[in-house]
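Reading the structure
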Amino acid sequence: MPIYEYKCNKCGATFEALIRSSSEAPQCPECNSKEVGRLMSAPAASHSEGSSGGHSHSCGCGCNCHCH
Ligand SMILES: [Zn+2]
């Protein structure tokens, strides 16, 4: 169960909410508003191996860049 960070659109408070299902909308603990937006603080689930997948040295220029 991931924990996401939310910001209330009404009072501006930020809070963390544990989301059990993707359709579940959290509620602001300050003003009980449900007009909240999720912040882009990704939980620790990111394998930072590039977005295209696989091993990334395919540009053929001999370096280790991502120039292609
Ligand atoms: Zn609020």
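The preceding data block contains the structure.
Please read all numbers here as calculations on a predicted model, not as lab measurements.

Conventions and cut-offs
- Residues numbered from 1 in each chain as written.
- Predicted model: local features only at pLDDT ≥ 70, side-chain atom pairs only at ≥ 80, totals over all residues.
- Helix = DSSP H or I, 4+ residues; strand = E, 2+ residues; numbered from the N terminus.
- Buried ≥ 20, exposed ≤ 12 C-beta atoms within 10 Å, placed from the backbone.
- Contact = placed C-beta atoms within 7 Å.
- Pairing = 2+ DSSP bridges.
- Axes fitted to C-alpha atoms, helices over the stretch in contact; angles between N-to-C directions.

**Focus on the overall build of the chain**
When helices and strands are counted, the chain shows 0 helices and 3 strands. Across the chain, helices and strands are ordered from the amino to the carboxyl terminus as β-β-β. Among the 68 residues that make up the chain, the fraction classed as buried is 6%. Considering only intrachain contacts with a sequence separation of at least 6, the fraction spanning at least 24 residues in the chain is 33%.

**Brief notes about the sheet that holds strand E3 (residues 36-38)**
Strand order in the open sheet formed by 3 strands is E2-E1-E3, and the pairing between neighbours is antiparallel. Bordering the open sheet on either side are strand E2 (14-18) and E3, each of which pairs with just one other strand. Taken pair by pair, the neighbouring strands of this sheet meet at an average axis angle of 40 degrees, ignoring direction. By the bridge criterion, 3 bridges tie strand E1 (residues 3-8) to E3 in an arrangement that is antiparallel. Within E3, the position partnered with Tyr6 by the bridge is Arg38.

**Regarding the pairing of E2**
Relative to E2, E1 is paired through 5 bridges, and the arrangement is antiparallel. From the neighbouring strand, Tyr6 faces E2, where its bridge partner is Phe15. The antiparallel hairpin formed by E1 and E2 contains 5 residues in its connecting segment, where Gly12 sits at a positive phi of about 85 degrees.

**Here's the deal with unusual backbone geometry**
At Asn32, a position not held by glycine, the phi torsion is positive, near 65 degrees. Tracing the backbone through its elements, the reader meets Asn32 in the loop between E2 and E3. Its 10 C-beta neighbours within 10 Å are what place Asn32 among the exposed residues.

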